[in-house]
Amino acid sequence: MLFRSQQQAQLKLHNFYHIYEPYIQDDWHATRRLTLNLGLRMSFYGTYRELNNLAYNFDPRFYLPGASSVDPATGLVIGNPYNGWVDCGVTPGVPAGCMTNHWWNPAPRAGFAFDPLGDGKWAIRGGYGIFFEHTNGNESNTDLLEPDNIKTQTTSVVNISGYANLNSGLLGGGTPPLTATSIPSKAIWPYVQQWHLDIQHDIARGTVATLSYVGSEGIHLTRAYTLNEIVPVTNSQNPYGPGQVITADDCSSVAIGANGQATAAANVDTGNPVTSTGGWANNLAVACGIQNPNFYRPYLGWGSIGRKDQTASSNYNGLEVSVRHNIGGLELNAAYTYSHSIDDSSSGNDAGLINAYDLNAYRASSNFDQRHTVTIAYVYDLPFFKAKGLVHSLLGGWQWSGITLVQSGSPFSVYNAGNGAIAPSDNAGVGTGASQIGNLGSLTGGSYPDIVGDPKTGVQNTPFAGFGPLLFNPAAFVAPRGLTFGDAGRNILNNPWRTNFDMALLKHFAVTESKYFEFRAEAFNVFNHTEFNWLGGDGGSASSNAGAGNTSSTVVCYGGANNSAGDPSCLPGVLFRPGAAHNARILQVALKFIF
């Protein structure tokens, strides 16, 4: 069991910064058919800083190896418990805001509009621009450091057996390893490059079609991860082979020596166990929840250190087709987008990163990626009883409008939580279960399962009370290989599509020229189409509302000879079944008087 306590003293921090952004812009009509748009914004960004020097940061440059460690007998810090912790603007060599600045950030923009035939029926437009972002609070700046300072230290004590043992005597007059937050020592401002090229044409009277290519690239984006994660076991050192998993018997074999090093046996159930002291045995002790991870962290003397810095990137490419029709009593807009967004961090609050030593492995479809989107919006003046008179006043003048939306589901990751006997959540034994990142709390998950088949095939749908249909095949996933993060990877499945029709009828009943009644009848999800909720998703997507550890996307049961999530002993279950649906049909009417 892990217990955290925080001192009650609470400081009030005052963060401030300066921003200056002059710009120049000009439209140049190079010819009668060609117009150029040129501009330059100069983004002069000042760093965040705390007015009264109350911001404290863990800076690896100031950490002295050997100046702090953890007592194997008590779990308390030996030496300096603040080793590497600096006071921004006070510690010698540390500037205000804990960051050196990069003031000059030029952001050019250029665009053009071209009428190739000069008849006003064709238009070719394009543009390119760079856009800098100063970041928000709770990204990599002193605002993120607010919870961690000399007056509000967060400590951690592990392996407490029972609530009756929660008492101040656990501290023994010493200090358990503190948790901390870390930001970079140099400000690197995130920016995005955006570009587009579109062709527009009048294809008929009152009808315009547009074909567009849109792209962007995000650079130096905010990434959240754990800085003090235990080094994972390499494949060459791993005693577990493919298909071999951590079992309860393996965990029972763990013994902790007086020096804090673990001795353990792997593959006990196979009849051919492998035994070791230290090395992978330490990871196994942490994975089984037997040993305090703070004994093996790279920055000894510290517990979890949450890190945010500007090391992520993104890429987006989209093809857009739209048609706009406006003639007579009909106004119609229809659009389709086929796109793909890829990144290795979908927001500054994306806590799905598992292996802090392989950040590139997190690159996949963005948490908010939606490959297909169709939108149709219309307003139609119904062509009935249009002649003026009593019949028109009573039966004519109706207007029908609506919005239709069809979109593919955003991606989500499948996480492993083990079933109590095999494959613990922190399957790699790196201490992710006791990690937190600033304002995010804990990580979304500690490991993935292994994938052994196509989750989209072989789905056998059996009803399960209180949940929707089975959308993917659990048998495609098995317990992860021992002392690994699992190989299923990030964002490999997609949430359900959404198809929705909203419509409305409107009519004005005139009293005088300036006074009238307006009647509206509105229907949301008018066809009462079942739209299942998301199964999972991490920070940056609406699906993240499913929450960390969502049962619809987290494997909690394995069975059978190959430890399959699709074993009959695990079915039927909630895995890959939506636990809710969007609203059913909603009807509402309204009458108002306008005067």
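Every value quoted in this text rests on a predicted model; they were computed, and no experiment measured them.

About the cut-offs
Residues numbered from 1 in each chain as written. Predicted model: local features only at pLDDT ≥ 70, side-chain atom pairs only at ≥ 80, totals over all residues. Heavy atoms only, no water. Helix = DSSP H or I, 4+ residues; strand = E, 2+ residues; numbered from the N terminus. Buried < 20%, exposed > 50% of the residue type's maximum accessible area, 1.4 Å probe, protein only. Contact = heavy atoms within 4.5 Å. Areas by Shrake-Rupley, 256 points an atom, 1.4 Å probe, with all protein chains shown as cover. Lys, Arg positive; Asp, Glu negative; His and termini not counted. Charge placed at Lys NZ, Arg CZ, Asp CG, Glu CD. Pairing = 2+ DSSP bridges. Polar contact = N/O pair within 3.5 Å; in protein donor to acceptor, adjacent residues only side chain to side chain. Disulfide = S-S within 2.5 Å. Patch = residues over 30% accessible without salt bridge, like charges linked within 9 Å, V, L, I, M, F, W, Y side chains within 5 Å. Salt bridge = Lys/Arg side-chain N within 4 Å of Asp/Glu carboxyl O. pLDDT = per-residue confidence, 0-100. Phe/Tyr/Trp six-rings, centres within 6.5 Å; stacked < 30°, edge-to-face > 60°. Lys NZ or Arg CZ within 6 Å of the ring centre and 35° of its normal. Core = buried A, V, L, I, M, F, W, Y, C linked by side-chain atoms within 4.5 Å.

Chemist: Pulling in residues and values, what's your account of the overall build of the chain?
Modeler: Helix and strand counts for the chain come out as three helices and 33 strands. Principal-axis analysis of the C-alpha atoms places the extent of the chain at approximately 95 × 60 × 50 Å. Evaluated residue by residue, the chain yields a buried proportion of 44% over its 595 residues. In the chain, 74% of the contacts between residues at least 6 apart in sequence involve partners at least 24 apart. Accessible area of the chain: about 28,100 Å², with a carbon and sulfur share of 57%. For the chain, the separation between the mean place of its 32 positive charges and that of its 41 negative charges on side chains is 10 Å.

Chemist: Please provide a residue-by-residue account of the pairing of strand β11 (residues 104-114), values included.
Modeler: Across 11 bridges, the pairing between strand β5 (residues 34-45) and β11 is antiparallel. From the neighbouring strand, methionine 42 faces β11, where its bridge partner is proline 106. In this structure, β11 lies alongside strand β12 (residues 122-132), joined through six bridges in antiparallel fashion. Residue pairing in the sheet places phenylalanine 112 in a bridge with glycine 126 of β12.

Chemist: Could you give me a rundown of the sheet that holds strand β17 (residues 255-256), with the residues and numbers involved?
Modeler: As summarised here, the arrangement of the three strands in space is β17-β18-β19, forming an open sheet in which the pairing is antiparallel. A strand with exactly one partner marks an edge of an open sheet, and here the two such strands are β17 and β19 (274-277). Taken together, the four bridges between strand β18 (residues 262-266) and β19 define a ladder with antiparallel strand orientation. Paired with alanine 266 across the strands is valine 274, a residue of β19.

Chemist: Break down the side chain of asparagine 283 for me, with residues and values.
Modeler: Of note, asparagine 283 is situated in helix α2 (residues 280-287). Within the local environment of asparagine 283, its side chain forms a polar contact with the backbone oxygen of glycine 429, the two atoms lying 3.1 Å apart.

Chemist: So what about the pairing of strand β4 (residues 23-29)? Which residues, and what values?
Modeler: Little of β4 is tucked away, with zero of its seven residues classed as buried. As judged from the seven bridges shared by β4 and β5, these two strands associate in the antiparallel manner. Its bridge partner lying in β5, glutamine 25 is registered against glycine 39. The antiparallel pairing of β4 with β5 creates a hairpin that spans four residues between the two strands.

Chemist: Summarise the state of the cysteines; cite the residues concerned and give the values.
Modeler: Throughout the structure, instances matching the rule amount to three disulfides. A sulfur-sulfur separation of 2.1 Å characterises the disulfide bridge that pairs cysteine 557 with cysteine 570. Residues cysteine 557 and cysteine 570 are joined by a disulfide whose S-S torsion is about -80 degrees; by sign, that bridge is left-handed. Placement of the pair is cysteine 557 in the loop between β32 (554-555) and β33 (586-594) and cysteine 570 in the loop between β32 and β33, with a sequence separation of 13 residues. Among the residues examined, cysteine 557 registers a relative accessible area of 25% and is labelled partly exposed. In the chain, the cysteines engaged in disulfides, taken in order along the sequence, are linked 1-2, 3-4, 5-6.

Chemist: I'd like a rundown of a nonpolar patch on the surface, residues and numbers included.
Modeler: Together, Leu117, Trp122, Ile199, Leu211, Leu319, Val321, Tyr336 and Tyr338 make up an exposed nonpolar region whose accessible area comes to about 690 Å². Contributions of two or more residues to the nonpolar patch are made by β20 (302-327) and β21 (330-343).

Chemist: Which residues make up the confidence of the model for the chain, and what values do they have?
Modeler: Across the chain, pLDDT averages 89, with 91% of residues at or above 70. A low-confidence stretch, residues 1-8 (pLDDT under 50), is modelled with 31 contacts involving residues beyond four sequence positions or located in other chains.

Chemist: Can you tell me about the environment of asparagine 419, naming the residues and giving the values?
Modeler: In this structure, asparagine 419 sits in the loop between β26 (415-416) and β27 (450-451). Along the primary structure asparagine 419 and glycine 559 are separated by 140 residues, whereas in three dimensions their C-alpha atoms are 9.2 Å apart. Every residue in contact with asparagine 419, bar those within four places of it in the chain, is listed here: Val556, Cys557 and Tyr558. Of the polar contacts made by the side chain of asparagine 419, one reaches the backbone nitrogen of isoleucine 422; its length is 3.0 Å. Looking at asparagine 419, its side chain comes within polar contact range of the main-chain oxygen of tyrosine 558, at 3.2 Å.

Chemist: Explain the packing of aromatic side chains to me, and be specific about the residues and the numbers.
Modeler: Counted by the stated rule, this structure contains 22 aromatic pairs. Note on phenylalanine 295 and tyrosine 296: the rings are 6.4 Å apart at their centroids and 55 degrees apart in plane angle, and the pair reads as tilted. Both residues of the pair, phenylalanine 295 and tyrosine 296, count as buried. Their ring planes at 50 degrees and their centres at 5.6 Å tell us that phenylalanine 477 and phenylalanine 576 sit as a pair that is tilted. Of this pair, phenylalanine 477 sits in strand β28 (residues 477-478) while phenylalanine 576 sits in the loop between β32 and β33; the two residues are 99 residues apart in sequence, bridging distant segments of the chain. Both residues of the pair, phenylalanine 477 and phenylalanine 576, count as buried. Grouping aromatic residues by their ring pairs yields a cluster made of Tyr56, Phe58, Tyr63, Tyr82, Trp85, Tyr299 and Trp302. Directly above the ring of tyrosine 362 sits arginine 490, whose terminal nitrogen or CZ lies 4.1 Å from the centroid.

Chemist: Explain the pattern of salt bridges to me, using residue names and the numbers behind them.
Modeler: The final tally for this structure, using the stated rule, is 10 salt bridges. For the salt bridge of aspartate 344 with arginine 363, the shortest nitrogen-to-oxygen distance reads 3.7 Å. In this pair, aspartate 344 is assigned in the loop between β21 and β22 (364-365) and arginine 363 in the loop between β21 and β22, connecting sequence segments 19 residues apart. Under the relative-accessibility criterion, arginine 363 is labelled partly exposed at 36%. Salt-bridge contacts for aspartate 369 lead to arginine 371; the nearest nitrogen and oxygen are separated by 3.2 Å. The structure contains a network of salt bridges with shared partners spanning Arg223, Asp344 and Arg363.

Chemist: Any details on the nonpolar core? Residues and values, ideally.
Modeler: Of all hydrophobic cores here, the largest spans 58 residues; its most connected members are Phe58, Ile246, Trp280, Leu284, Trp302, Phe477 and Phe576. By residue number, the principal contributor to this core is α2, which donates six residues. In this view, phenylalanine 58 contacts Tyr63, Asn83, Gly84, Trp85, Ala180, Thr181, Ser182, Leu227, Tyr299, Trp302 and Ile305; residues no more than four positions away in its chain are not counted. Membership of the second largest hydrophobic core comes to 15 residues, among which are Ala55, Val94, Ala107 and Leu144.

Chemist: Describe the environment of serine 410, and please don't skip the residues or the numbers.
Modeler: Within the fold, serine 410 resides in the loop between β24 (398-407) and β25 (411-412). Residue class for serine 410 comes out buried when judged on its relative accessible area of 10%. Taking the C-alpha atoms as reference, serine 410 lies 5.4 Å from asparagine 494; in sequence the two are 84 residues apart.

Chemist: Lay out unusual backbone geometry in plain terms, naming residues and giving numbers.
Modeler: Residue proline 572 is reached from leucine 571 by a cis peptide bond, and omega for that bond is -10 degrees. Among the structural elements, proline 572 can be located in the loop between β32 and β33.

Chemist: Run through the environment of tyrosine 415, naming residues and quoting values.
Modeler: In this structure, tyrosine 415 sits in strand β26. Between the alpha carbons of tyrosine 415 and serine 425 there is a distance of 8.3 Å; along the sequence they are 10 residues apart.

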